[in-house]
Structure formats: C-alpha cells, structure tokens
Amino acid sequence: MLVVLGAVMPSLRAQDTTFPPRNGSPSSSVQETDHGSFVPMMFPVFGSARFQKELIDTWGDPRGGGTRRHEGQDMMAPQMTPLLAAFDGVVSFNRTDAPNAHNMLYLTGDNGWEAVYMHINNDMPKTNDGKGSREYAFAPNLRPGQRVIAGQFLGYVGNSGNAETVGHHLHFELHNANGPVNAYTSLKRAQRLTSARWN
C-alpha cells in the first residue's frame with residue numbers, strides 16, 4: 001500500500017488509459033510534433049500542477065546564465081505534492097543525506113522511453129532547510145529496481161539541487177536511445193490524475 005499525504009492508497013492509477021505495447025523499444029504509436037515526440041503517458045504530478053510558463057514550451061531555453069540549455073519541462077506545484085509514474089516500468093533513484101542534495105528518480109519504461117524526475121523534495125515539510133529525510137523524498141518502501149505502474153506514487157515535489165532558490169517544481173525529462181527529447185507535447189496531452197482511486 002502507498003501512503004500519500006496521510007491517506008492510505010493501494011495505488012494511484014487512471015482508469016481506461018491505453019499505453020504503448022511493452023516491446024522494449026519506443027512504440028510505433030509515438031507521433032512527432034512541432035514540440036517533440038508525443039509519448040502516451042500519465043501526467044507525472046498529481047492534481048493541478050501547471051507549467052512554469054503556462055502554455056509556453058521552455059525546451060532549449062537558456063539556463064545557468066546561458067551556459068546550458070533547458071532539456072526538460074518544469075511543472076510548478078506545492079512542496080510535497082505527489083509525483084506519479086508516467087508509464088509502467090522500473091525505477092532507480094539518487095538520494096544523499098548531504099544538505100541541499102539533488103534528489104532524482106529515473107523511470108525506465110516498458111515502452112522503451114526513460115523519464116527523469118529532478119528536484120525531488122529534500123526538505124522537512126513546510127521548510128527549505130535541506131534536511132528532509134528519505135521519507136520526505138520518495139514513496140514509502142520504494143526501492144531501486146522496483147517495478148511500478150502508470151500513475152503509481154513515486155515521491156514528492158521539491159526544489160532540491162540547483163532549484164533551491166526557486167519555487168517548488170518537477171523538472172521532467174523524456175529520453176530515448178539518442179538522449180533527451182522535448183516532453184512538451186506528451187505532457188500537454190497526458191492524462192491527469194486529480195483524485196485518488198481505490199483498486
């Protein structure tokens with residue numbers, strides 16, 4: 001069972017969602033658009049998160065004073081908002097107990113795609129102290145190598161790493177065998193989970 005914000009939930013999953021076949025390679029259902037590939041998925045933030053710039057694609061925008069390009073999309077949401085698996089797959093993650101560490105999670109999908117979740121919470125709730133334990137970063141009992149299903153609770157929105165001085169958000173990336181691709185269209189079309197469902 002999964003514990004989310006004090007509520008006990010066996011899983012979080014959308015109803016009537018069709019995902020790509022599990023064949024180990026990117027699905028033939030993936031479509032190319034002006035804003036990158038469209039990969040069918042669940043929106044990775046529970047509830048009503050919004051893009052950093054509503055309706056604007058920030059892929060490729062300058063970051064770090066122009067020293068690098070933005071290779072993902074940012075979804076603003078309150079600290080400790082649940083993060084969800086975008087598709088079925090296997091998780092791995094990085095977390096350290098060092099203050100202000102960058103908590104990250106990788107979801108290797110059965111569809112041949114990888115989702116990267118950055119800035120996962122590293123603070124005690126309602127603080128920006130960098131002293132949050134694992135229980136405030138990742139779902140209870142989630143372990144590297146664990147299989148998850150689309151919509152399953154993975155962790156919490158935060159501002160760890162190089163986002164300590166900005167608002168809480170999820171930086172989300174989609175990767176294929178060639179590296180990161182623009183996730184904008186996939187996120188815009190993703191099914192949102194806005195209320196808990198008992199399986």
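Residues numbered from 1 in each chain as written. Predicted model: local features only at pLDDT ≥ 70, side-chain atom pairs only at ≥ 80, totals over all residues. Heavy atoms only, no water.

S.K.: Got a minute to help me understand the overall build of the protein in this structure?
M.R.: In terms of regular secondary structure, the protein is built from one helix and 16 strands. The buried share of the protein, reckoned over its 199 residues, is 52%. Put simply, of all contacts in the protein between residues at least 6 apart along the chain, 68% involve residues at least 24 apart. Put simply, the protein shows about 9,300 Å² of open surface, and 51% of that area lies on carbon and sulfur atoms. (Helix = DSSP H or I, 4+ residues; strand = E, 2+ residues; numbered from the N terminus. Buried < 20%, exposed > 50% of the residue type's maximum accessible area, 1.4 Å probe, protein only. Contact = heavy atoms within 4.5 Å. Areas by Shrake-Rupley, 256 points an atom, 1.4 Å probe, with all protein chains shown as cover.)

S.K.: I'm lost on the pairing of strand S11 (residues 103–109) in this one. Help?
M.R.: Side chains on a regular strand alternate between the two faces of the sheet. Judged by how many residues are buried, S11 sits mostly within the fold: five of seven residues are covered. Pairing between strand S10 (residues 89–94) and S11: six bridges, direction antiparallel. Its bridge partner being in S11, Ser92 is matched across the sheet by Tyr106. One ladder, built from five bridges, connects S11 with strand S12 (residues 114–120); its direction is antiparallel. Residue pairing for S12: Asn103 is matched across the bridge by Ile120. Turn length for the S11-S12 hairpin, with the two strands adjacent in sequence and antiparallel, is four residues, and the turn residue Gly112 shows positive phi of about 90°. (Pairing = 2+ DSSP bridges.)

S.K.: Help me understand the environment of Gly112, please; the structure alone is not making it clear to me.
M.R.: As for its placement among the helices and strands, Gly112 is situated in the loop between S11 and S12. Taking the C-alpha atoms as reference, Gly112 lies 9.2 Å from Gly89; in sequence the two are 23 residues apart.

S.K.: Before we go on, may I ask you to explain the nonpolar core in this structure?
M.R.: Nonpolar side chains in soluble globular proteins generally cluster together in the buried interior. In this structure, Met41, Val45, Leu105, Leu107, Tyr117 and Phe172 are the most contacted members of the largest nonpolar core, which totals 36 residues. Of all elements in the fold, only S10, S11, S12, strand S14 (153–156) and strand S15 (169–176) reach the threshold of two or more residues within this core. (Core = buried A, V, L, I, M, F, W, Y, C linked by side-chain atoms within 4.5 Å.)

S.K.: Please explain the side chain of Ser160 as it appears in this structure.
M.R.: Note on placement: Ser160 falls in the loop between S14 and S15. When its relative accessible area of 0% is taken as the criterion, Ser160 is described as buried. Among the polar contacts made by the side chain of Ser160, one reaches the main-chain amide nitrogen of Asn103 at a distance of 3.1 Å. A polar contact of 2.7 Å, which involves the side chain of Ser160, links it to the backbone oxygen of Ile120. (Polar contact = N/O pair within 3.5 Å; in protein donor to acceptor, adjacent residues only side chain to side chain.)

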